[in-house]
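# Topology and contacts: notes
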Amino acid sequence: MSYRRYELLKDIAPIMVGNALIIANIGFPSQELYNIQDSPQNFYMLGSMGLSSSIGLGLAQSLASKNDPQTVIAIDGDGSVLMNLGTLATIGNYGPSNFILLLVDNGAYGSTGDQPTHTAGKTDLAGMARAAGIESVHVTQDDEAKIALEQCMKTLGPHVIVAKVAPGSPQLKPIPMDPGYIRDRFRQVVSG
Amino acid sequence: MTTVSQELLEELKRNGADYFASVPCKLLGELIDLLDQDQTIAYTPVAKEEEGLGVCAGAYLGGKTPVMVMQNTGLGTIVTSLFSLGLFYNLPITMIISHRGTPGEKIGTQVPMSNATKPILDVLGIPYFAFSNPADVQKVGRLVSHAQVAQKPVAALLDFDFWGKGGINNQ
C-alpha cells in the first residue's frame, strides 16, 4: 500500500499530538488528524485554504513574544501553500525559532479529487522555501519525515519539512465540531 | 507636536492592541514606520492581506489582540477568508484600512474599489466605521475594544482627510 498523508500523520501523531500546538490544514488533513488523534492542542481549519502556514506563524510569534516555550507545527500542503507563497518570505524574515512548517507534498489537490499540483511537475517547494530565506529546510520521503520532525522539535527553527508522500486519502467524515468550540478549547490550552 | 499616526498607534495600544500586521499604503507610511520601531508590540509586515488575516488569526489564538493595517484595495483579496476564517470562527481582528479613492486621491484607478469598499463590508456583515477627522483618533482606537465585544472582525475606514492629506499631492 502506498504511503500517503494519512500514513504519515499516523506515524508522527505520537511525537506531535499533545507535545506541540498544531494548525491542521483545511479538508482531509484536519479530518485525518482528528480521526487519528484528537486533542485540544489541535486547531482544525474548516475554511480559508492557504492560510495554515500563516496562522501557525502568527501563533508562534505570539508565543515567542511572551517567552512561551511551546512549539507550533503548521501542517500545510503543496496545493494550499502554492496559494500563499508570499508567506514563505515572511517566515524567512520573521519566522520565530519555535515554528515548524510541515509541508505535506503529495503533488495533488487531494480534497477536490487529486488533480495534480505544480509540484507534481517542475516546481520544488524546498527550493522555494530556501530562496525565501528559510535556512532549515528538510526534504523527506515517506516515513523519513518522523525522524526529521523529531530533530526539528529539539532544535531552534524556523524549520520547514517538505514531506513527500503519495496522493490519496481514506474516506472520513467531516469534523463534528463547531468552529467556536475549536477556537475556544484551543485558546484555553494555549494560555494554560 | 504629535502626528495623527503617532496618536493612532497610542490609542490602538491603549485599547489593548499588541500584535500588528501590515501591507503598505502611502497613507499608512508613517504608521508602518512606527510599528517597525515599536519594541512594545509584535509586528509583522506581510506579503498580502490574506496572509495578514492568517497571522492575525494565529495571534488571537495565541492570546494576542491583533490589528491588520491595510489599504482598502486589499479588501477584495480577502473576502473568502474573512467569511471562512474571521467571521466563521468569530475572531476579533481590528482592520485599520486606509480608504484610497476618496477626495484627495490623484490616481483614478483607485476610485472603483473605493466605491465598492463599503458595499463589500456590508455583504460581509463586518461592522465598519468611517472617519474623516484626525480629531477622531480616540474613536478609531476604541474599535480594538469594540472588536472584543462584537467577537468578529471590525473595520475603520480612514480617508485622506483623516490622515491630513486631503489637499496635497499623494500617490
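Residues numbered from 1 in each chain as written. Chains lettered and ligands numbered in written order. Predicted model: local features only at pLDDT ≥ 70, side-chain atom pairs only at ≥ 80, totals over all residues.

### Remarks on the overall build of chain A
We apply this condition: Here a helix means four or more residues in a row that DSSP labels H or I, a strand means two or more in a row labelled E, and each is numbered from the N terminus. For the radius of gyration, the atom set is restricted to C-alpha positions; the globular benchmark scales as 2.2 Å times the number of residues to the power 0.38. Exposure is read from a count of other C-beta atoms within 10 Å of each residue's own; the residue is exposed at 12 or fewer, buried at 20 or more and partly exposed in between. C-beta atoms are placed from the backbone. By definition, residue pairs are in contact when their C-beta atoms, positioned from the backbone, come within 7 Å.
Counting its regular elements, chain A contains eight helices and eight strands. At 15 Å, chain A has a C-alpha radius of gyration in line with the 16 Å of a compact globule built from 192 residues. Here chain A holds 192 residues, and 51% of them are scored as buried. Of the contacts made within chain A by residues no fewer than 6 positions apart, 72% connect residues no fewer than 24 positions apart.

### A short note on the interface of chain A and chain B
One frequent convention defines the size of an interface as the accessible area lost when the parts assemble. Going by this rule: For this classification, Asp, Glu, Lys and Arg are treated as charged, while Ala, Val, Leu, Ile, Met, Phe, Trp, Tyr, Cys and Pro are nonpolar and the rest, including Gly, are polar.
Opposite the 28 residues of chain A that make contact, chain B presents 24 residues. Of the residues forming the side of chain A that touches chain B, the biggest block, ten residues, is contributed by helix α3 (residues 52–65) of chain A. A class-by-class count of the residues in the side of chain A that touches chain B yields twelve nonpolar, 14 polar and two charged.

### Comments concerning the pairing of strand β1 (residues 21–24) of chain A
As a general feature of sheets, a regular strand has side chains that alternate between the two faces. Residues and elements named next belong to chain A. Operational definition: Two strands make a pair as long as DSSP finds a minimum of two bridges between them.
Neither face of β1 is left uncovered, since the one carrying Leu 21 and Ile 23 and the one carrying Ile 22 and Ala 24 both have all their residues buried. In this sheet, strand β3 (residues 72–77) lies alongside β1 in parallel orientation, the contact comprising four bridges. Opposite Ile 22, over in β3, you have Ile 73 as the bridge partner. Here β1 runs beside strand β2 (residues 42–44); their pairing, made up of three bridges, is parallel. In the sheet register, Ile 22 faces β2, and the bridge partner there is Asn 42.

### A word on the nonpolar core
The condition is simple: Any nonpolar core is a set of buried residues, restricted to Ala, Val, Leu, Ile, Met, Phe, Trp, Tyr and Cys, that join up through C-beta atoms within 7 Å.
Grouped together as the largest cluster of nonpolar side chains are 106 residues, with contacts concentrated most on A:Leu102, A:Leu103, A:Ile161 and B:Cys56. The element best represented in this core is helix α3 (residues 49–61) of chain B, accounting for seven residues. Aside from chain neighbours lying at most four places away, what touches A:Leu102 is A:Ile73, A:Ala74, A:Ile75, A:Leu149, A:Ile161 and A:Ala163.

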